[in-house]
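Given next are the chains, with one letter for each unit.
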Amino acid sequence: EIYTLSLHDALPICHIPLREIAQAIGRHLDLPVRAVPMGRVDEHFGFLGMFLKSDTPVSSAHTREVIGWAPTQPGLFEDINKGHYFAPAAVGNGS
């Protein structure tokens, strides 16, 4: 919903540190999460490194004000913590 609205008005959505997202996913997959030094991001993540190195903090307050958006879905961490992304069907069958 907000994605569609933001495309229309080209507004930023929000900023959540990648470290916090990785930690939440790591908890669900029972995997350790470690920091990757900035100088090794491209080597570690390949082409995704250029996106992961960018830091563009914004607030959803502007989006709410300009296009009248009010979130109706769970937030990112609430959604991750429901665990449905990590169910066997979501992760794949291993083949």
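Structure: above.
Just so you know, these numbers come straight off a predicted model, no measurement behind them.

So, how was this worked out
Residues numbered from 1 in each chain as written. Predicted model: local features only at pLDDT ≥ 70, side-chain atom pairs only at ≥ 80, totals over all residues. Heavy atoms only, no water. Helix = DSSP H or I, 4+ residues; strand = E, 2+ residues; numbered from the N terminus. Buried < 20%, exposed > 50% of the residue type's maximum accessible area, 1.4 Å probe, protein only. Lys, Arg positive; Asp, Glu negative; His and termini not counted. Salt bridge = Lys/Arg side-chain N within 4 Å of Asp/Glu carboxyl O. Contact = heavy atoms within 4.5 Å. Arc of directions from axis to C-beta.

**Some thoughts on the side chain of Asp79**
Part 1: As for its placement among the helices and strands, Asp79 is situated in helix α6 (residues 76-81).
Part 2: Although Asp79 is buried, it forms no salt bridge, and the closest oppositely charged side chain is Lys82 at an N-O distance of 4.9 Å.
Part 3: Those residues in contact with Asp79, other than ones at most four positions away along the chain, are Pro74, His84 and Tyr85.

**Re helix α5 (residues 60-67)**
The α-helix advances 3.6 residues per turn, and as a result positions three or four apart in sequence lie on the same side.
Part 1: Those residues of α5 that fall on the buried side of the exposure criterion are Ser60, Thr63 and Ile67. End-on, the buried residues of α5 take up no more than an arc of 60°, which puts them together on one face.
Part 2: Phi turns positive one or two residues past the end of α5, at Gly68, with a value near 70°.

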